[in-house]
Amino acid sequence: MNVNQIHAPARRPDKTCSLGGLVADAARALSTVSATPRLDAELLLAHAAGVGRTTVIAFPERETSNDVAARFRALLARRLDAEPLAYITAVKDFHAISVRVTPDVLIPRPETECLVDEALAMLDAQPDRSVLDLGTGSGAIALAIKRARPSAVVTAVDASASALAVARANARSLDLDIRCLESDWFGNLDSERFDLIVCNPPYVPSGDPVLDSELRHEPRQALDGGSDGLDAIRIVLNEALAHLAPNGALLIEHGHDQQADVKALARKRGYRTLAARRDLSGLPRLVVLHVHERSP
Ligand code: GLN
């Protein structure tokens, strides 16, 4: 025994530094800001420790280093400020891929996976079609389509250069060959036409208080759809007419209470609604439009 050991203070068994203890304390604190406090706590601790979530769950008695515990507490403080988990861990699973996200891009939502499924179904018969993802953000929709239909020719555009940088980086790390182009809606697409145009536009009405609460950490440009939430949808409906190939289809995600309005706007513009879909929560969320072929 050496002098250091004799004089070292007795190590107080610190329950809160076990993986299980840290998760339990954090989950309690997070229950005020999150609908999934335990899951969030596990994912944050896994991120801080550089291990998988299964390790955190399987070894609750394992002690962490002070460094990991300190890192975890810093991440937890951000989550307690209602910052979305995906911005803290910088990744989000979406459809069959996982994308990196930053505050420059909207975090892809589960409801948008329905839009991808619908696009894939439409590409079943002819998988080598041209596809345009308008307002791609992280690139999630474009990349999920390219992953599932590798012969599709996919273009992703966004008006935000910083969002497009995220989409490009995701394409590179997923090794998926899509074209990323800075373009305010169809602005830089000249007279190009596409077989399938998909779009998750901003559609939250400007006055909706969620923009300043739950959604405040995400880019307003990707969410705020003007006074009735339909400004971007009107632009897309107007401009897509000149960019759809013959028999091309336009898939638009919209707010859960906007389907009737979107269908009416589309009809006025000369579209025919091919299908209207609900999301996983059973809410009307998507329309599939075709250019109405008028008889000569
Ligand atoms: N579905 C998102 C939300 O309400 C909105 C996404 C959008 O405006 N495109 O949180």
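Criteria and thresholds
- Residues numbered from 1 in each chain as written.
- Predicted model: local features only at pLDDT ≥ 70, side-chain atom pairs only at ≥ 80, totals over all residues.
- Heavy atoms only, no water.
- Helix = DSSP H or I, 4+ residues; strand = E, 2+ residues; numbered from the N terminus.
- Buried < 20%, exposed > 50% of the residue type's maximum accessible area, 1.4 Å probe, protein only.
- Contact = heavy atoms within 4.5 Å.
- Pairing = 2+ DSSP bridges.
- Axes fitted to C-alpha atoms, helices over the stretch in contact; angles between N-to-C directions.
- Core = buried A, V, L, I, M, F, W, Y, C linked by side-chain atoms within 4.5 Å.
- Expected span 1.5 Å × (residues − 1).
- Arc of directions from axis to C-beta.
- Near = heavy atom within 4 Å.
- Polar contact = N/O pair within 3.5 Å; in protein donor to acceptor, adjacent residues only side chain to side chain.
- Areas by Shrake-Rupley, 256 points an atom, 1.4 Å probe, with all protein chains shown as cover.
- Nonpolar A, V, L, I, M, F, W, Y, C, P; charged D, E, K, R; others polar.

Draft legend 1. Structural view of the environment of Ala222. For Ala222, the location among the structural elements is in the loop between strand 6 (194–199) and helix 10 (231–240). For Ala222, a relative accessible area of 25% puts it in the partly exposed group. Spatially, the C-alpha atoms of Ala222 and Val105 are 7.5 Å apart, while their sequence positions differ by 117 residues. The residues touching Ala222, leaving out its near neighbours within four places in the chain, are Leu106, Pro201 and Pro202.

Draft legend 2. Molecular detail of the pairing of strand 9 (residues 284–291). Of all 8 residues making up strand 9, 7 are buried, and the element is well covered by its neighbours. Bridging between strand 7 (residues 244–253) and strand 9 involves 5 bridges; their strand directions are antiparallel. Across the sheet, the residue bridging to Glu253 is Leu286, located in strand 9. Pairing between strand 8 (residues 271–278) and strand 9: 7 bridges, direction antiparallel. Of the residues in strand 9, the one forming a bridge with Arg278 is Pro284. If you look at the hairpin formed by strand 8 and strand 9, you'll find 5 residues sitting between the two strands, and Gly282 has a positive phi there, around 85 degrees.

Draft legend 3. Representation of the sheet that holds strand 8. The strand order across the open sheet built from 7 strands is 5-4-3-6-7-9-8, with neighbouring strands paired in mixed fashion. The open sheet has two edge strands, strand 5 (179–182) and strand 8, and neither has a second partner. Strand-to-strand twist across the sheet, computed as the mean angle between neighbouring axes with direction ignored, equals 20 degrees. The strands touched by helix 8 (residues 140–148) within the sheet are strand 3 (130–134), strand 4 (153–158) and strand 6, with strand 4 carrying the most contacts at an inclination of about 175 degrees.

Draft legend 4. Molecular detail of the nonpolar core. Ranked by internal contacts, the top residues of the largest apolar core, which has 39 residues, are Ile145, Ile178, Leu196, Val198 and Leu251. Not counting the four nearest positions on each side in its chain, Ile145 is found in contact with Val116, Ala119, Leu120, Leu123, Val131, Val154 and Val198. Grouped together as the second largest cluster of nonpolar side chains are 25 residues, Val157, Phe194, Ile252 and Tyr271 included.

Draft legend 5. Helix 5 (residues 66–80), seen in detail. With 15 residues, helix 5 extends 21 Å from end C-alpha to end C-alpha; this agrees with the ideal 21 Å at 1.5 Å per step. For helix 5, the full list of buried residues reads Val68, Ala69, Phe72, Leu75, Leu76 and Arg79. Down the axis of helix 5, the smallest arc covering the buried residues is 125 degrees, so these residues share one side. Looking at helix 5, the residues exposed on the side facing more than 90 degrees away from the buried face are Asn66 and Asp67. In the core, the buried residues of helix 5 are packed alongside helix 2 (19–30), helix 3 (37–49) and helix 6 (85–89). One or two steps after helix 5, the chain reaches Ala82, where phi turns positive at roughly 70 degrees.

Draft legend 6. The arrangement of the site of the ligand in detail. Within the structure, the ligand sits among Arg109, Glu111, Asn200, Pro201, Pro202, Tyr203, Val204, Leu215, Ala222 and Leu223. One of the backbone N or O atoms of Pro201 is found 2.7 Å from a nitrogen atom in the ligand. When the ligand sits alone it has 300 Å² of accessible area, and the protein chains cover 86% of it. When grouped by side-chain class, the residues that make up the shell around the ligand number 7 nonpolar, 1 polar and 2 charged.

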